[in-house]
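Fold and geometry: a report
Chain by chain, the residues run as shown.
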Amino acid sequence: MPTPAPESTVQGTCPHDCPDTCALHVTVREGRVVRVAGDPEHPTTHGALCTKVSRYAERTYHPERVLQPLRRVGRKGEGRFEPVGWDEALDDIASRLRAIAAREPQAVLPYSYAGTMGLVQGEGMAARFWHRLGASLLDRTICASAGGDALVATYGGKVGMHVEHFAESRLILIWGSNPITSSVHFWNYAQQAKRAGAKLVCIDPRKSETAEKCHQHIALLPGSDGALALAMMHELIVHDRLDHDYIERHVDGFEKLRERALAWTPERAAAVCGIDAGTIVELAREYGGARPAAIRLNYGMQRVHGGGNAVRLIALLPCLVGAWRQRAGGLLLSSGGWFRGARRDAWLQRPDLLEPVYGPAAEGRRPRTINMCTIGDDLQRQSSPAFGPRIEAVVVYNSNPVAVAPDSAQVVRGFAREDLFTVVLEHFLTDTADHADYVLPATTQLEHWDAHAAYGHVYAMLNRPAIAPLGQARSNAEIFRQLARRMGYTEPCFEDSDETMALGAFDPTRVKLDELGRKGWSRLAIGEAPFAHGNFPTPSGKALVDAPGLGVPDFVPNYESVLSSPALATRYPLAMISPPARHFLNSSFVNVPSLRAAEGEPVLEMHAGDASARGVAEGDLVRIFNDRGSTLARAVVGGRGSDGREGRARPGVVHGLGVWWRKYGRDGTNANQLTHQRLTDVGRAATFYDCLVQVERAAGSPAGSVVAAATAAAE
Ligand SMILES: Nc1nc2c(c(=O)[nH]1)N[C@H]1C(S)=C(S)[C@@H](COP(=O)(O)OP(=O)(O)OC[C@H]3O[C@@H](n4cnc5c(=O)[nH]c(N)nc54)[C@H](O)[C@@H]3O)O[C@H]1N2
Ligand SMILES: Nc1nc2c(c(=O)[nH]1)N[C@H]1C(S)=C(S)[C@@H](COP(=O)(O)OP(=O)(O)OC[C@H]3O[C@@H](n4cnc5c(=O)[nH]c(N)nc54)[C@H](O)[C@@H]3O)O[C@H]1N2
Ligand SMILES: [Mo]
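Residues numbered from 1 in each chain as written. Chains lettered and ligands numbered in written order. Predicted model: local features only at pLDDT ≥ 70, side-chain atom pairs only at ≥ 80, totals over all residues. Heavy atoms only, no water.

**Comments concerning the sheet that holds strand S2 (residues 23-29)**
Here is the rule we go by: Note on pairing: DSSP must find at least two bridges between two strands before they are called paired. Strands are runs of DSSP state E lasting at least 2 residues, helices are runs of H or I lasting at least 4, and numbering of each runs from the N terminus. As a rule, the C-alpha atoms of each element are fitted with a line to give its axis, helices using only the stretch in contact, and angles between N-to-C directions run from 0 to 180 degrees.
The strand order S1-S2-S3 describes an open sheet built from 3 strands, whose pairing is antiparallel. The open sheet has two edge strands with one neighbour each: strand S1 (7-13) and strand S3 (32-38). Across the sheet, the mean angle separating the axes of adjacent strands is 25 degrees when strand polarity is ignored. In this structure, S1 lies alongside S2, joined through 7 bridges in antiparallel fashion. Bridge assignment links Glu7 to a residue of S2, and that residue is Arg29.

**Some points on the nonpolar core**
Applicable threshold: For the purposes of this section, nonpolar cores are sets of buried Ala, Val, Leu, Ile, Met, Phe, Trp, Tyr and Cys residues that join through side-chain atoms within 4.5 Å. Residue exposure (1.4 Å probe, protein chains only): buried if accessible area is under 20% of the type maximum, exposed if over 50%, otherwise partly exposed. Any two residues whose heavy atoms approach within 4.5 Å at even a single point are treated as in contact.
Phe129, Trp175 and Tyr287 are the most contacted members of the largest nonpolar core, which totals 182 residues. Dropping the residues within four chain positions of it, Tyr287 is found in contact with Leu171, Leu173, Met232, Leu236, Ala293, Ile295, Leu317, Pro318, Val321 and Ala323. Residues Cys14, Val26, Leu470 and Val592 belong to the second largest nonpolar core, which totals 23 residues.

**Brief notes about the side chain of Thr141**
We apply this condition: Identification of polar contacts relies on pairs of N or O atoms within 3.5 Å, with a donor-acceptor requirement for protein atoms, meaning one able to donate a hydrogen and the other able to accept it, and with residues adjacent in sequence counted only if both atoms are side-chain atoms.
Following the sequence through the fold, Thr141 ends up in the loop between strand S7 (137-139) and helix H4 (145-155). We classify Thr141 as buried; its relative accessible area is 1%. Polar side-chain contacts of Thr141 include one of 2.6 Å to the side chain of Asn371.

**Some remarks on the site of ligand 2**
Put simply, the rule is: Any residue with a heavy atom positioned within 4 Å of a molecule or strand is treated as near that molecule or strand. Every accessible area reported is derived by Shrake-Rupley at a probe size of 1.4 Å, with residue values counting cover from the shown protein chains alone. Polarity classes work like this: nonpolar for Ala, Val, Leu, Ile, Met, Phe, Trp, Tyr, Cys and Pro, charged for Asp, Glu, Lys and Arg, and polar for all others, with Gly in that last group.
Not every one of the 30 residues close to ligand 2 is listed here, only the nearest: Arg59, Glu426, Ser587, Ser588 and Tyr689. Ser587 places a polar side-chain atom, nitrogen or oxygen, 2.5 Å from an oxygen atom of ligand 2. Interatomic distance of 2.7 Å between a side-chain N/O atom of Ser588 and an oxygen atom of ligand 2. For ligand 2, whose accessible area on its own is 920 Å², the fraction buried by protein is 97%. Looking at side-chain class alone, the shell around ligand 2 contains 11 nonpolar, 15 polar and 4 charged residues.

**Focus on the domain arrangement of the protein**
Rules: The source of the domain bounds is an automatic or database domain assignment. Summed over both partners, the accessible area lost on bringing two parts together, with a 1.4 Å probe, is the buried area. The working definition used for a salt bridge is a side-chain nitrogen of Lys or Arg within 4 Å of a carboxyl oxygen of Asp or Glu.
Considered domain by domain, the protein is made up of domain 1 (7-60), domain 2 (70-143 + 341-448 + 470-497), domain 3 (146-333 + 530-544) and domain 4 (566-714). Computed from C-alpha atoms alone, the centre-to-centre distance between domain 3 and domain 4 is 29 Å. The interface is formed by 27 residues belonging to domain 3 together with 27 residues belonging to domain 4. Both sides together, the interface formed by domain 3 and domain 4 hides about 2,100 Å², and carbon and sulfur atoms give 53% of it. It is Arg206, Lys207 and Arg303 that lose the most area in domain 3 upon contact with domain 4, and together they represent 30% of the buried surface on that side. There are 3 salt bridges connecting domain 3 and domain 4.

**A few points about the pairing of strand S17 (residues 438-441)**
Here S17 shows two buried faces, one formed by Tyr438 and Leu440 and the other by Val439 and Pro441. Relative to S17, strand S4 (residues 70-72) runs antiparallel, the two sharing 2 bridges. Within S17, the position partnered with Arg71 by the bridge is Tyr438. In this sheet, S17 lies alongside strand S16 (residues 421-426) in parallel orientation, the contact comprising 4 bridges. By the bridge assignment for S17, Val424 is matched with Val439.

**A look at unusual backbone geometry**
Residue Pro292 is bonded to the preceding Arg291 through a cis peptide linkage, with omega at -10 degrees. You can see Pro292 is positioned in the loop between helix H11 (277-289) and strand S12 (293-297).

Following this line, the structure appears as structure tokens:
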């Protein structure tokens, strides 16, 4: 028998936009990745990966990977391209960008998000390039800025509990979060706590995979979390379950909060939340009594008009009961702020390169900023004093805006502009790439260097390339390096290699670089119970009720809901949320056959009462619509499994799961055909889950039972 080829293991990091930021062991045989597994030594990864990333090799070697530069031959959006050489593509792109920048650099817009969270392949070399060009700045608000800014307003930073300590909590509120889908390594700790006798409560409109494994599920209406938090405070105050000493020493402005909360009786909040007053009374009693009590908040609950205020209110709860005194008490939404000062952002991104274009930063002269959530409208705007110059070129990397940005009809219109010069750096021909003039083949995490911070733990992470780039793929950093050369940028920073940038991404006084190099990860030095004695990263060290410029937090109703917009609700009475699908990551992995097969097709979960009122049965094709557009999905009424459980939807709320690629949708659309571009109260973020719709049985839909049987057979 021939001896098998030797295998080697390369240390990597999962690049995806997920709190878990796992440490990877990538097994390579004869230059090919044969396995991607979790690092057993890394404490939070604990040797396990989610179903998606354990398929990372399938994604990397996907036959549809874009492996050579492409130039458009069809109409915008058609997705017809011809191969082109790298030199020809880059020469042409550089000359187009140079011509626009010579007239008006702000007419060029980079559009990027967290397709990779890498500090090098994200806003590393790319940011240097855009700063040197003087392009419009992008406000990266599509996911987390409502909650993020709310944490900064309250605690002074995006900081919180260590995820490991949830294992020791006695009560865990899993609030606007579905960790079984979106953060499975946190769930691991929650289960340890559960086995040790802790109570788990899930606060989520949807009976999620997580909700059904908790002791209690509180199915409130979308966007009502602020009211729930205020009523919990009401109860904590009137039954005196407060930690007066902690409040006295470490909370600034409690009296104003007290006054506000006393107006929110459980009955008043119950009407807003669509739940029983008794549930709120009981929740507050338990939260005020359990030690240690922890809250795992996630971004799902802040994608509504009042998302920022809701996070501010919830973030104050652990301060009122002194939960921070113990390491297993407090709250975790993001740990990203712990990396401030540890990541060398100024060196990685070089914002000082704007100065030659705009003058001294001290004088406040900066390019205009475009909010990525309003890209649909902004691509269609003409020049005006308020807006600035019309957008003439957009360069997209690490994002798929045509699928993920709200109000798709407008986004598609914007990207369909024949006079817009569009370059997309991608692995695949996504909905966005279909609109490009040039598609440039990018490397995946297995093929390039990177360094990573995290937002769900406090380990600095390194990623080494396991294999050579496939085909003609180049890393994002290499593509921007090459473009910089062609633009005539001579600053030495454009010569830094990917490896130099990855190894230089962290401050050596804050991260043990030798350990990072040796193990692939290194823990930041942060106290076990960081706020046991206050010490919040605010100027006063206290948690703030009355944040500068924001006032005292309050309940802010949705733009669209039965209570806040009754006239609209007569036509569109159902609240639609569109939370993550388990087998996708935003719109990534939708094209991986095994994962798409697991999701089947776009579905709409509905309550049985709402379904039967519309003549909709399990498995029917339904049309979901509002004034912005419509999309098709398969109705799921009774819960997906045949486990006899109730369905996942509460009355009045429907769930269009996952961000499907439009081209895999039945009619070439996805749930974002229905969402709008209005922004949150704090953080200028997207309000994906603040959306009223109507649902009807789609014309020509075969009888439900037949389709249901066919779907079941296919699964
Ligand atoms: N498998 C998978 N994992 C993911 C992602 C994915 O797409 N798929 N996305 C990643 C990304 S980008 C992020 S930002 C993170 C976190 O992503 P999040 O969007 O926070 O995702 P979830 O943890 O699924 O939590 C969302 C939960 O909030 C609920 N929800 C919706 N509206 C409300 C509301 O008004 N109030 C309350 N209380 N709950 C509400 C939803 O029903 C859902 O169960 O997850 C990451 N992980
Ligand atoms: N309706 C609705 N819409 C949503 C959400 C929702 O819950 N509901 N969630 C929102 C949230 S939380 C987020 S974070 C956004 C996410 O939106 P995006 O940040 O756009 O995330 P993805 O859809 O995963 O697309 C990332 C793209 O980057 C590419 N990519 C990955 N790595 C690299 C690389 O190294 N180089 C290059 N050039 N490309 C790379 C991937 O192939 C993928 O196509 O979507 C938002 N949209
Ligand atoms: Mo996100």
